[in-house]
Amino acid sequence: MMNWVDRGLIQKYDSPQAKNFPADVRDPGYWAPIKALVLTMTYNADLIKPEDAPKKWEDLLDPKWKGKMVMPDAFYSGAALHWYGAMRKAYGKSFMEKLSKQDVLIRRGSGATAKAVTSGERPLSAMLLMYRVFADIKKGANLRVSIPEVGTPVSYMVIGVPKAAPNPDAGKKFIDFALSKPAQTFWQNKYFTPSLREDVEPLTRERGRRPLSEIKRIYSSPDDMRGFFKDQKMLMDEWNRLFK
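The rules behind each value
- Residues numbered from 1 in each chain as written.
- Predicted model: local features only at pLDDT ≥ 70, side-chain atom pairs only at ≥ 80, totals over all residues.
- Heavy atoms only, no water.
- Phe/Tyr/Trp six-rings, centres within 6.5 Å; stacked < 30°, edge-to-face > 60°.
- Helix = DSSP H or I, 4+ residues; strand = E, 2+ residues; numbered from the N terminus.
- Buried < 20%, exposed > 50% of the residue type's maximum accessible area, 1.4 Å probe, protein only.
- Lys NZ or Arg CZ within 6 Å of the ring centre and 35° of its normal.
- 1 Å grid on protein atoms, 1.4 Å probe; cavity = no way out; pocket = protein on both sides within 12 Å on 5 of 7 lines; lining within 4 Å.
- Points joined across faces, edges and corners; volume = space filled by probe spheres on them.
- Nonpolar A, V, L, I, M, F, W, Y, C, P; charged D, E, K, R; others polar.
- Arc of directions from axis to C-beta.
- Contact = heavy atoms within 4.5 Å.
- Axes fitted to C-alpha atoms, helices over the stretch in contact; angles between N-to-C directions.
- Core = buried A, V, L, I, M, F, W, Y, C linked by side-chain atoms within 4.5 Å.
- Salt bridge = Lys/Arg side-chain N within 4 Å of Asp/Glu carboxyl O.

Colleague: Just checking my understanding: could you explain the packing of aromatic side chains for this structure?
Modeller: The way to describe two aromatic rings as a pair is by their centre distance and the angle between their planes. Using the criterion set out here, one finds 8 aromatic pairs in the structure. Measuring from centroid to centroid gives 6.5 Å for tyrosine 84 and phenylalanine 243, while their planes differ by 90°, and the two rings are edge-to-face. Pair noted here: tyrosine 84 is in helix H2 (residues 78–91) and phenylalanine 243 is in helix H9 (residues 232–243), with a separation of 159 residues, a long-range link. Given the relative accessible area of 9%, phenylalanine 243 is considered buried. Aromatic pair tryptophan 239 and phenylalanine 243: ring centres 4.6 Å apart, planes at 35°, arrangement tilted. With tryptophan 239 and phenylalanine 243 both in helix H9, this residue pair falls 4 residues apart, about one helical turn. Taken together, the ring pairs in this structure connect Tyr84, Trp239 and Phe243 into an aromatic cluster. Sitting over the face of the ring of phenylalanine 134, arginine 209 holds its NZ or CZ atom 4.1 Å from the ring centroid.

Colleague: How should the layout of surface pockets be read in this particular structure?
Modeller: To find the voids left in a structure, one rolls a probe of water-molecule size over its atoms. Its volume calculated, the largest pocket comes out at about 620 Å³. Every residue lining the largest pocket is counted, 20 residues in all, and those nearest its centre are Met1, Met2, Gly78, Met225 and Phe229. Within the residue set of the lining of the largest pocket, elements represented by two or more residues are helix H1 (2–6), H2, strand S7 (154–159), helix H8 (222–230) and H9. As for the second largest pocket, its lining consists of 18 residues, and the residues nearest its centre are Ser195, Leu196, Arg197, Leu212 and Ser213. Split by residue class, the lining of the second largest pocket holds 9 nonpolar, 3 polar and 6 charged.

Colleague: What should I look at first to understand helix H3 (residues 93–100) in this one?
Modeller: Since the α-helix packs 3.6 residues into each turn, any two residues three or four apart lie on the same face. Inspection of H3 places Phe95, Met96, Leu99 and Ser100 among the buried residues, and these make up the whole buried set. Buried residues in H3, looked at end-on, bunch into an arc of 135°, giving them a common side. Lining the buried residues of H3 we find strand S3 (69–72), H2 and H9.

Colleague: In this structure, what is going on with the packing of H3 against H9? I would like to understand it.
Modeller: The axes of two packed helices give the description: the angle between them and the distance between them. Packing of H3 against H9 brings their axes to within 9 Å, and their N-to-C directions diverge by 35°. Taken together, the residues of H9 that come into contact with H3 (itself represented by Lys93, Met96, Glu97, Leu99 and Ser100) are Glu238, Leu242 and Phe243. Residues of the contact of H3 with H9, tallied by class, amount to 4 nonpolar, 1 polar and 3 charged.

Colleague: Help me out: how do you make sense of the nonpolar core in this one?
Modeller: The nonpolar side chains of soluble globular proteins are, as a tendency, buried together. Membership of the largest hydrophobic core comes to 40 residues, with the highest contact counts inside it found for Val38, Val133, Phe134, Leu179 and Leu196. Mapped onto this core, the elements with two or more residues apiece are H1, strand S2 (32–44), helix H4 (110–119), helix H5 (130–138), strand S6 (143–146), S7, helix H6 (168–178) and helix H7 (181–191). With near-sequence residues (within four places) excluded, valine 38 lies in contact with Leu128, Leu129, Met130, Thr152, Pro153, Val154, Pro194, Leu212 and Ile215. Counting residues in each nonpolar core, the second largest holds 34 residues, with Ile48, Ala53, Ala74 and Met87 among its members.

Colleague: Explain empty space enclosed by the protein to me, please; I cannot follow it from the model alone.
Modeller: Inspection of the entire model under this criterion finds 1 cavity of 30 Å³ or more. In this structure, the largest cavity is lined by 14 residues; those nearest its centre are Tyr13, Ser15, Ala18, Trp31 and Ala32.

Colleague: Hey, could you run me through the pattern of salt bridges in this one?
Modeller: Pairing between side chains becomes possible if they bear opposite charge and their charged atoms approach one another. Scanning the entire structure with this criterion turns up 16 salt bridges. In this structure, arginine 217 engages aspartate 24 in a salt bridge whose closest nitrogen and oxygen atoms are separated by 2.8 Å. Of this pair, arginine 217 sits in the loop between H7 and H8 while aspartate 24 is found in the loop between strand S1 (10–11) and S2, placing the two residues 193 residues apart along the sequence. By relative accessible area, which is 30% here, arginine 217 ends up partly exposed. By relative accessible area, which is 43% here, aspartate 24 ends up partly exposed. Glutamate 121 is the salt-bridge partner of arginine 107, the closest N and O atoms lying 3.2 Å from each other. Here arginine 107, found in strand S4 (residues 105–107), pairs with glutamate 121, found in the loop between H4 and strand S5 (124–129); they are 14 residues apart in sequence, far enough to count as distant. Looking at glutamate 121, the relative accessible area reads 44%, which means it is partly exposed. Each of Asp6, Asp27, Asp223 and Arg226 takes part in one network of salt bridges that share partners.

Laid out in structure tokens, this is it:
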């Protein structure tokens, strides 16, 4: 969406609901986030005890996790590519090079990644969308998440009105609805995607999950996203060389 704004493809509209969202996760006059996509470490609690699970990102480099990890493919997932770019910027390319030597299994999507963790094929995921984890927990999977105190990359599903929208007034009304407290509360509780709206009751603390307000966001601002989009080809090529 940031790229579309820069290219003049999004028309100006500042929803009255947008003021209820943090200023650093929206582009005033153009778009606002309808949900947060939190990327966390995830593990099979039948096979890894909470006290033994990784607590810091650097813990993923411990030799004991070699051959036991899985991740979704950043070539097919925008959120996973954001994680790669943000973690690379925070910890350096050398961190990713060391992680790639841990014999990490790559799966095409979050669903297949979560399945590998749940089945025990690979009991630990270095990064996985948190809503996907809790959807599987609801189905009976014994999974837990681990969110480092330093934070984690958080991507956003955002909404705006296209410049050439055939019915912009209807689009604006839908945006107002999507950003409203009732809609945000419904989607968060049904689909486990944390809302960034400041007056929505946060998801409960369970299985390692914390309120979104307590999670530091690593290189997750609109400006950060613009930078990663600019470097997209380089990041994807590097990912493929290291992990595939």
